[in-house]
Every structure is written in C-alpha cells, then in structure tokens.
Amino acid sequence: MNGGTPTAIERRFVHHPVMVTEVVEHLAAVPSGAFLDATVGGGGHARALLNARPDLSLIGLDRDPSAVEAATTVLVGRGAKICHASFGQLGDVLDSLGISRIVGSLFDFGVSSPQLDMPERGFSYRRDGPLDMRMDCAQKLSADQVVNTWPTDELAGILRSYGDERYASRIAAAIASARPIASTTALAEVVRDAVPAPARRRGGHPAKRTFQAIRIAVNDELNQIEPALETAIGRMAPEGRGVVLSYHSGEDRIVKRVLRRQAGLDDEARLRGLPRAATQAPPAIELVPRGSRRPSPAEVADNPRASSARFRAFVKRNAAIDEGEA
Ligand SMILES: C[S@@+](CC[C@H](N)C(=O)[O-])C[C@H]1O[C@@H](n2cnc3c(N)ncnc32)[C@H](O)[C@@H]1O
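Just so it is clear, the structure is predicted and the values come from calculations on it, not from any experiment.

(A) Layout of the overall build of the protein chain. Within the protein chain, the secondary structure is distributed over 16 helices and seven strands. The buried share among the 326 residues of the protein chain stands at 44%. A fraction of 69% describes how many contacts in the protein chain between residues 6 or more apart in sequence connect residues 24 or more apart.

Rendered as structure tokens:
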C-alpha cells in the first residue's frame, strides 16, 4: 500500500516480506546510490528499505509480470525502476540503465505468496489448477511437460536433488504410469498414493517436496544463482551491503558456497589442505554474521511460510574475486 486505500493489485498481491526487520537493519547502512532488489516480488522489502533510506535509487527485477505490476504500484512515487527481467540478466539490465556500480543488493529467492495462492498459476498442491508453475508465463517449459513427458529417471533425479525426496523413484514411476495427469490436485493424489502410508503422516503434505522440485526444474531456479550473486558482488561499491534469503537446502548450499568463496573462506581449498595463495586476491566481502540467521519463532508463528528461511548478509570490502571490478 502507498499509505491510502489498497488498490486492486495490492489486494490481490499480498506477500509478507520475510525477516524484514533484519533485512532493513543490515541494508539501511549502505552508501548512497543505486540499490538492486533482484527479486522485487510485491515490493515489500523494497518499500521497507526505502522508508528507512528514501535517498536510495531502487532498481527492482522480477521475472513474473504480475509481480512487476504489483511492485510498480506499491513503489509509485519512490523513484524506483521496476523491470521485467530475470536476475540471470542483471548485468545486461544494469548496463541498459547506465548503472555500473550498485551500493547493495537483495536476493529473496523462491515463490511469492500470490504465486502459491492463485490456483491458476499451478504452484499449489492444495488448490486445483493447471500444471503450469511458470514464474514467467512467456516461458515455454511448464510443469505439464515435466510431469507428462520427462523420462522417469530424469523425474526421479529432480525429485531427489531439488526436493530431497526419499521416495523419488517410487513417485517418478507412479507419475509415469498415471500419465496423462491433467491438474495439480490429480498430481498431488498420485504422489500421496505413491508414498508409503506411515510416511504420509509425517513432515507436512506428501506432495510438498515433489511440487518444489518440479517448480525448481520448470523455472531453472538454481543455475542462475551463482553467476547473479557474483555479478552483484562484482558491481558493488566498497562498503556496499547485501542480503540473501533462501528457502531450501539446494538454494542455501549454492549461496553459502559463493559467499564463503567471495569472503576468502574457500572450503574446498581448506578441505584439500591447500594454503591461501600469496597471489590470491584479498576477500571481496565480509560475512556478517559468519553463518546464517533464522526467523524468530514469533515471525514463524505469524507467517508459517517464513519457517524455512535462511538469512545471509555481507559487507563489500574489495574487488570481487571472480568478477573483477565492473
Ligand atoms: C519471495 S518472492 C520476493 C518477495 C519480495 N521480497 C517482497 O518483499 O515482496 C520471490 C520473487 O522472486 C521472483 N523470482 C524468482 N526467480 C527469479 C529470477 N531468476 N529472476 C527474477 N525474479 C525471480 C519470483 O517471481 C517472486 O516474485
């Protein structure tokens, strides 16, 4: 909302920004300049940050046109530039806006509540809808193709690696033999029936991990994270600041690896017993704190979708290790 009566898009696009106090507390100390919100969604974090730092020029990206519309409405009059783009293109977007340096960045991965709550988007295992799950509706690949055409072993592979699904092979085989599957609730039923009865009663809805895995595959969510974080860090001015919020182990593993490497805490080299090379660039960032933070119990009680969030934050110190100065 902009302080007045909510507009139709604001009423439809309700997303509670996760760990917003912690996010703003860290980012409010950025120098003046252009701030990148790489996943602007409904603009909740962006608005809170601009309330604390009205001098920042905010660039917001989202690959979902309905999020772009919502953020544009929420941030009207704040001088924000909201672009329909994937963060995989963030270097090109910044170039096209003539921005070589940013003073900070926020990546808040995953899906927004409106994406989950609108049955017609096909993300929900509870509400009936088409097998879609595309964040950007202009994209060709949808959940329908993954569910109804992918080979069984490929399906099992994504259930395992993107969903940490114990019963990946059984579920993939059940999906393949139930084809064609026409809707989200039909898929959820096939998955529930494929899971052994005692496991159905543990750990939430039995289709939750399958839906997460298919959604990640449809939107190719993991492959863009590393290059995008490196570009953002490479473009960041000294004393710039960043926050990354991830929601499942696959995302957080990548984020942790990139941030630790940029902070000069290269776990692979350490594990192999290699000394830090004298010629190696000094760390580009400092992690603050060193590890991750979780939402408070009070926030989780209020917004259960925050429960899996992991918050990682950093301050830019030097030229980035991989990207060099932009
Ligand atoms: C958790 S929501 C962000 C919510 C936002 N921080 C707020 O306060 O309203 C995640 C958003 O990231 C977007 N998204 C996911 N992957 C993306 C990508 N590769 N590039 C750009 N946006 C992406 C989704 O469409 C979704 O709107």
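(B) Just the site of the ligand, in detail. By nearness alone, 22 residues border the ligand, and Pro17, Thr39, Gly41, Gly44 and Asp64 come closest of all. Of all elements in the fold, only α3 (44-52) and β2 (57-62) reach the threshold of two or more residues within the shell around the ligand. Class assignment of the residues belonging to the shell around the ligand gives a composition of five nonpolar, 12 polar and five charged.

(C) Expanded view of the environment of proline 180. One can find proline 180 in the loop between α9 (168-178) and α10 (184-194). For the pair proline 180 and valine 147, spaced 33 residues apart in the sequence, the C-alpha separation amounts to 8.4 Å.

(D) Expanded view of unusual backbone geometry. Going from arginine 179 to proline 180, the amide bond is cis rather than trans, its omega being 0 degrees. The amide bond that connects valine 288 to the next residue, proline 289, takes the cis arrangement and shows omega of 0 degrees. Its location among the elements puts proline 289 in the loop between β6 (285-287) and α16 (297-302). Unlike most non-glycine residues, methionine 133 shows phi in positive territory, near 65 degrees. Judged by the 26 C-beta atoms lying within 10 Å of it, methionine 133 is buried. Backbone geometry at glutamate 239 places phi at a positive 75 degrees, although glycine is not the residue there. For glutamate 239, the position within the fold is in strand β5 (residues 236-246). Taking the C-beta count within 10 Å as the criterion, glutamate 239 has 13 such neighbours and is therefore assigned partly exposed.

(E) Region of interest: the nonpolar core. In terms of nonpolar packing, the biggest core is built from 53 residues, with Ala38, Ala71 and Ala232 touching the most fellow members. Residue contacts for alanine 232: discarding those within four places in its chain leaves Leu36, Ala38, Leu90, Ile102, Ser105 and Gly242. Within the second largest apolar cluster, 31 residues are counted, among which are Ala143, Tyr162, Tyr167 and Val190.

(F) Seen up close, the pairing of β2. Within β2, five of the six residues are buried, which leaves the element mostly enclosed by the surrounding structure. As defined by bridge partners, strand β1 (residues 34-37) adjoins β2 across four bridges and the pair is classed as parallel. Bridge pairing in β2 links leucine 36 to isoleucine 59. Inspection of the sheet shows β2 paired to strand β3 (residues 81-84) by four bridges, in the parallel sense. Across the sheet, residue isoleucine 59 finds its bridge partner in β3, namely lysine 81. A crossover links β2 with its parallel partner β3, the connecting element being helix α4 (residues 65-74), and its sense is right-handed.

(G) Examining helix α12 (residues 208-218) more closely. Across the 11 residues of α12, 10 count as buried, placing the element largely inside the fold. In this structure, the buried residues of α12 make contact with α7 (143-149), α8 (152-163), α9 and α10. Where α12 ends, the next residue or the one after it, aspartate 220, has phi of about 45 degrees, a positive value.

(H) Seen up close, the sheet that holds β6. Strand order in the open sheet formed by seven strands is β3-β2-β1-β4-β5-β7-β6, and the pairing between neighbours is mixed. For this open sheet the edge positions go to β3 and β6, each flanked by a neighbour on one side alone. Taken over all neighbouring pairs, the strand axes of this sheet differ in orientation by 15 degrees on average, direction set aside. Bridging between β5 and strand β7 (residues 310-316) involves six bridges; their strand directions are antiparallel. Among the inter-strand pairings, serine 246 is bridged to a residue of β7, identified as arginine 310. Those strands touched by α3 are β1, β2 and β4 (102-108), and its axis lies near 175 degrees from that of β2.

(I) Summary view of the packing of α8 against α9. Axis separation between α8 and α9 bottoms out at 8 Å; the angle between their running directions is 135 degrees. In terms of orientation, α8 and α9 fall into the oblique class. At the point where α8 passes α9, the crossing takes the right-handed sense. Residues Thr152, Leu155, Ala156, Leu159 and Arg160 of α8 touch α9, and the partners they reach there are Ala168, Ser169, Ile171, Ala172, Ala173, Ile175 and Ala176. For the contact of α8 with α9, a count of residues per class yields nine nonpolar, two polar and one charged.

Each value, and the rule that gives it
- Residues numbered from 1 in each chain as written.
- Predicted model: local features only at pLDDT ≥ 70, side-chain atom pairs only at ≥ 80, totals over all residues.
- Helix = DSSP H or I, 4+ residues; strand = E, 2+ residues; numbered from the N terminus.
- Buried ≥ 20, exposed ≤ 12 C-beta atoms within 10 Å, placed from the backbone.
- Contact = placed C-beta atoms within 7 Å.
- Near = placed C-beta within 6 Å.
- Nonpolar A, V, L, I, M, F, W, Y, C, P; charged D, E, K, R; others polar.
- Core = buried A, V, L, I, M, F, W, Y, C linked by C-beta atoms within 7 Å.
- Pairing = 2+ DSSP bridges.
- Right-handed = clockwise from strand over helix to strand, strands pointing away.
- Axes fitted to C-alpha atoms, helices over the stretch in contact; angles between N-to-C directions.
- Parallel < 35°, antiparallel > 145°, perpendicular 65-115°, else oblique.
- Left-handed = near helix turned anticlockwise from the far one by under 90°.

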